[in-house]
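Chains, contacts and geometry: an overview
Residues per chain, in single letters:
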Amino acid sequence: MTLTDYETQVLNLLAASAEPIGTFEVADRLQSRPAPDIDAPDEDPVREAWTEERIDLVQSTIALCAKGLADVAVRADGENGDRFVATDAGRAFLVQ
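A brief look at the structure comes next. Within each chain, residues carry numbers counting from 1 in the order of the written sequence. Thresholds applied to this predicted model are a pLDDT of at least 70 for local features of residues and 80 or more for the giving and counting of side-chain atom pairs; totals over whole chains, interfaces and linings are not thresholded and use all residues. Think of the side-chain values as coming from all heavy atoms in the structure, minus any hydrogens and water.

Some remarks on the pattern of salt bridges
A pair is scored as a salt bridge if a Lys or Arg side-chain nitrogen falls within 4 Å of a carboxyl oxygen belonging to Asp or Glu. Within this structure, the stated rule accounts for five salt bridges. Residue K67 pairs with E7 through a salt bridge whose shortest N-O separation is 2.9 Å. With K67 in the loop between α3 (45-66) and β2 (70-74) and E7 in helix α1 (residues 5-16), the pair connects residues that are 60 residues apart, well separated along the chain. Think of it in three bands: with a 1.4 Å probe and only protein chains considered, a residue is buried below 20% of the maximum accessible area for its type, exposed above 50%, and partly exposed in between. In this structure K67 comes out as partly exposed when scored by relative accessible area, which is 33%. On the accessibility criterion, E7 (6% relative accessible area) is buried. Ionic pairing is found between E25 and R83, a salt bridge with its closest N-O pair at 3.4 Å. Taken together, the residues span a long stretch of sequence, with E25 in helix α2 (residues 23-30) and R83 in strand β3 (residues 83-86) at a distance of 58 residues. Take E25: its relative accessible area is 23%, and that puts it in the partly exposed class. Each of the salt bridges in this network shares a partner with another, and the network as a whole consists of E25, R29 and R83. By definition, any uninterrupted DSSP run of H or I lasting at least four residues is a helix, any uninterrupted run of E lasting at least two residues is a strand, and each is numbered from the N terminus.

Here it is in structure tokens:
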């Protein structure tokens with residue numbers, strides 16, 4: 001199985017964490033670009049790149065679940081989003 005760079009980053013983060021990590025917390029911890037200026041227009045290139053990277057990180061978390069390498073440890077409750085952990089298969093994958 002091959003992982004994208006973002007999937008690898010997310011899996012490493014989940015595997016290293018002692019606690020489940022929330023969907024957007026993953027992006028907050030891994031995002032390489034700084035958040036855009038709050039007043040920047042939606043079509044600002046910095047805002048677009050930041051948003052795209054954020055979406056890619058969230059989608060990578062979902063993809064890891066589909067591959068059996070991560071799982072939802074705490075389901076969303078209407079106030080908080082899903083929280084994820086690496087599975088045993090995910091940790092084993094990182095050791096390969």
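Describing the packing of α1 against α2
Put simply, α1 and α2 touch, their axes get as near as 11 Å, and they point 105 degrees apart. Between α1 and α2, the angle falls in the class roughly perpendicular. The residues of α2 that touch α1, namely those facing Q9, V10, L13 and L14, are V26, R29 and L30. Classifying every residue of the contact of α1 with α2 by side-chain character gives five nonpolar, one polar and one charged. Helix axes are fitted only over the stretch in contact, all axes being lines through C-alpha atoms; the angle between N-to-C directions runs from 0 to 180 degrees. Orientation labels follow simple angle bins: below 35 degrees gives roughly parallel, above 145 gives roughly antiparallel, 65 to 115 gives roughly perpendicular, and whatever is left gives oblique. The contact rule is simple, with two residues in contact once any of their heavy atoms fall within 4.5 Å. Any residue that is not Ala, Val, Leu, Ile, Met, Phe, Trp, Tyr, Cys, Pro, Asp, Glu, Lys or Arg is counted as polar, Gly included; the first ten are nonpolar and the last four charged.

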